[in-house]
Amino acid sequence: MYLEALKKTGDFLTLTRENEFDLPASNFTLDNGTLVEVLDTGVIQFTPQGNTSKDIVLSSAVHGNETAPIEICDQLIQSVIKGELTLKQRVLFIYGNPKSINIANRFVEENLNRLFNGEHAKGEITNPERVRAAKLETYVTDFFTSVEEGRYRCHYDLHTAIRGSKNEKFAVYPYLHGKPWKKQQLQFLLSCGVNTVLTMRSAATTFSYFSSFQFGADAFTVELGQVKPFGENDMARFAKTKDTLTALISQEEVKYRDFNAQDFELFQVHRTINRIHDEFSFPFPDSAVNFTGFSKNALLATDGDTQYFAEVEGEAIIFPNAKVALGQRALLTVIPMEINEKFI
Ligand SMILES: O=C(O)CCC(=O)N[C@@H](CCC(=O)O)C(=O)O
Ligand SMILES: [Zn+2]
């Protein structure tokens, strides 16, 4: 069995990579009383001894080539198992797509982050990502619902972006269906080094939307920088994120700075452009970074015979990707947004 090696090294990432699709469940208890439960490959749950008030999900490798978040979670998991970091809260760590880590690709057959909130079960298709999405939904559901109601829930799904970005770190706030946005969450993000937030205006099939919508968790997709292979991440650039996550899981209550609207750049999604045709292109080069703004009426994308033009002065591009599967999101555009009374 793998437990003896895991207890010694804390290296759950290697264990996950050696078992791309399945790993038998097992558990053990650390000297400090924390229960460690391996639920599956890439899924490990920690329950500290004594009272806890928060249920925290930290996911990475939903896209396998986004390595910096994987390295951050690897460091956190290792220090917990080695007894160097004592938890004060329940935590579920998830490496989303182990096989895609090994092949250093965004996904194996289908983008995992388009399969949550039940999307994995639609249609006749079966593939590794659909199977995994169903399992991950179950693990998260059990994690949030196996304890008494009313506890605090959050889920930070950590990513890095394909392109460079004017604003290096930014977070996607899933659509809240009219519920208020939380200033305290902006403060948490700022402490992570993330001062830029995009608010979504519609439901999605992302992992963060799933936890937000189904469980009322404070949930975000957090973009921490640009995609790089293992060994090429400058981990100093992620120190604030790692320190803030460490505090979140190892303290009873974390104090953030007082809220100041000027610390943030907020955007709202203006529109989503899906790729419908094989012939889909952007007029800008691959070097064009996220948050590049366009003049009103400038061409943004061409899909078959349809041309999309900027509708608003300064409309800015996020996640342009002309190679997505047909029917999927090829571009988001955003416009600035004020912090108003809908933030509490
Ligand atoms: O850089 C890119 O093109 C994609 C980076 C990435 O994986 N972003 C997430 C955002 C999810 C969300 O909208 O909350 C994704 O596309 O899945
Ligand atoms: Zn990603």
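For the structure, check the block above.
Let me sum up the structure you'll find in this document. Here the structure is a predicted model, which is why all the values come from computation and not from measurement.

Conventions adopted
Residues numbered from 1 in each chain as written. Chains lettered and ligands numbered in written order. Predicted model: local features only at pLDDT ≥ 70, side-chain atom pairs only at ≥ 80, totals over all residues. Heavy atoms only, no water. Near = heavy atom within 4 Å. Polar contact = N/O pair within 3.5 Å; in protein donor to acceptor, adjacent residues only side chain to side chain. Areas by Shrake-Rupley, 256 points an atom, 1.4 Å probe, with all protein chains shown as cover. Helix = DSSP H or I, 4+ residues; strand = E, 2+ residues; numbered from the N terminus. Nonpolar A, V, L, I, M, F, W, Y, C, P; charged D, E, K, R; others polar. Buried < 20%, exposed > 50% of the residue type's maximum accessible area, 1.4 Å probe, protein only. Contact = heavy atoms within 4.5 Å. Salt bridge = Lys/Arg side-chain N within 4 Å of Asp/Glu carboxyl O. Right-handed = clockwise from strand over helix to strand, strands pointing away.

### Some thoughts on the site of ligand 1
- Contacts to ligand 1 come from 14 residues, most closely from N113, R114, I162, T221 and E223.
- The separation between an oxygen atom of ligand 1 and a polar side-chain atom of T221 is 2.6 Å.
- Within the side chain of E223, a nitrogen or oxygen atom sits 2.7 Å from a nitrogen atom of ligand 1.
- About the coverage of ligand 1: the protein hides 97% of its 430 Å² of free accessible area.
- Looking at the shell around ligand 1, the elements with two or more residues in it are β6 (152-161) and β9 (218-226).
- Taken together, the residues that form the shell around ligand 1 break down as 4 nonpolar, 5 polar and 5 charged.

### Topic: the environment of V140
- Structurally, V140 is set in helix α5 (residues 128-145).
- Residue V140 is classed as buried on the basis of its relative accessible area of 0%.
- Separated by 71 residues in the primary sequence, V140 and S211 have C-alpha atoms spaced 7.8 Å apart.
- Among all residues touching V140, those that are not within four sequence positions of it are L92, I94, F207, F210, S211 and F215.

### Structural notes on the pattern of salt bridges
- Taken as a whole and judged by the stated rule, the model has 18 salt bridges.
- Here D55 ties to R90 by a salt bridge, and the two come within 2.9 Å at their closest N and O atoms. In this pair, D55 sits in strand β4 (residues 54-60) while R90 sits in strand β5 (residues 90-95), placing the two residues 35 residues apart along the sequence.
- Judged by relative accessible area, which is 0%, D55 ranks as buried.
- A relative accessible area of 4% means that R90 is categorised as buried.
- Its salt-bridge partner being E168, residue K169 comes within 2.9 Å of it at the nearest N-O pair.
- The exposure class assigned to K169 is buried, which follows from its relative accessible area of 6%.
- For E168, a relative accessible area of 33% gives the class partly exposed.
- By sharing partners, the salt bridges in this structure join D55, R90, E148 and R151 into a single network.

### As for unusual backbone geometry
- The phi dihedral of A61 is positive, around 60°, even though this residue is not glycine.
- Look at A61 and you get buried, because its relative accessible area is 1%.
- The phi dihedral of H177 is positive, around 55°, even though this residue is not glycine.
- Relative to the elements of secondary structure, H177 occurs in the loop between β7 (170-173) and α6 (183-191).
- Judged by relative accessible area, which is 40%, H177 ranks as partly exposed.

### With respect to the pairing of β4
- For β4, the tally of buried residues reaches 7 of 7 residues, placing the bulk of the element in the interior.
- Residues K54, I56, L58 and S60 of β4 are buried on one face, and the alternating residues D55, V57 and S59, pointing to the opposite face, are buried as well.
- The parallel pair β4 and β5, bridged by helix α3 (residues 67-81), forms a crossover whose chirality is right-handed.

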